[in-house]
Amino acid sequence: VQLQASGGGLVQAGGSLRLSCAASGRTETTYAVAWFRQTPGHGRDLVATSSWSGVGPIYTDSVNGRFTFSTDNAKKMVYLQMNSLKPEDTALYYCAANSVVRFPLPTRRDEFAYWGQGTLVTVSS
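What comes next is a walk through the structure. No experiment lies behind these values; they were computed from the predicted model shown.

Each value, and the rule that gives it
Residues numbered from 1 in each chain as written. Predicted model: local features only at pLDDT ≥ 70, side-chain atom pairs only at ≥ 80, totals over all residues. Heavy atoms only, no water. Pairing = 2+ DSSP bridges. Helix = DSSP H or I, 4+ residues; strand = E, 2+ residues; numbered from the N terminus. Axes fitted to C-alpha atoms, helices over the stretch in contact; angles between N-to-C directions. Buried < 20%, exposed > 50% of the residue type's maximum accessible area, 1.4 Å probe, protein only. Disulfide = S-S within 2.5 Å. Salt bridge = Lys/Arg side-chain N within 4 Å of Asp/Glu carboxyl O.

A word on the sheet that holds strand β1 (residues 2-6). Pairing is antiparallel in the open sheet, where four strands are placed in the order β1-β3-β8-β7. Each edge of the sheet is formed by a strand with only one pairing partner; in this case those strands are β1 and β7 (67-72). Within the sheet, the average angular offset between the axes of one strand and its neighbour, ignoring direction, is 15 degrees.

Attention now moves to the pairing of β1. Burial along β1 is one-sided: the residues Leu 3 and Ala 5 are buried and none of Gln 2, Gln 4 and Ser 6 is. As paired strands, β1 and strand β3 (residues 17-24) are joined by five bridges and run antiparallel to one another. Note on β3: the bridge partner recorded for Gln 2 is Ser 24.

If you walk through the whole model with that rule in mind, you get one disulfide. At a sulfur-sulfur separation of 2.1 Å, the disulfide partner of Cys 21 is Cys 95. Between Cys 21 and Cys 95, the disulfide has an S-S torsion of -80 degrees and is therefore left-handed. Of this pair, Cys 21 sits in strand β3 while Cys 95 sits in strand β9 (residues 91-98), and the two are 74 residues apart along the sequence.

Right, let's get into the pattern of salt bridges. A complete count under the given rule lists six salt bridges for this structure. Residue Arg 26 pairs with Glu 28 through a salt bridge whose shortest N-O separation is 3.4 Å. Classification of Arg 26 as exposed rests on a relative accessible area of 55%. In this structure, Arg 108 engages Asp 110 in a salt bridge whose closest nitrogen and oxygen atoms are separated by 2.9 Å. On the basis of relative accessible area, Arg 108 is assigned to the partly exposed category, the value being 45%. A relative accessible area of 61% means that Asp 110 is categorised as exposed. Among the charged side chains, a salt-bridge network with shared partners connects Arg 102, Arg 108, Asp 110 and Glu 111.

Rendered as structure tokens:
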């Protein structure tokens, strides 16, 4: 399974960005997809996750109400619409997929076997 993330960039606080992730390969073997983010000196933290079949999404508290996670199963695309961006949202954002069914959803980094390259989001104050 290959994941290709895009859509990062520089935006002012209060602005919006939409991240996209294209999944290819044996995507039929995957159960859930997610967005994680990482800042220098910190681990990779979950932003949001959902299964391809519609379980979820689950959001981390800091983005709830501002970010919207969605998927297009036919195109095997994963999106993260980010509104009301804050400087603390600045991070490298990663798309991830897992292949083990875990109810309701996997949320730990080590539960995701497939990772895309990061896309950088920078929010200026």
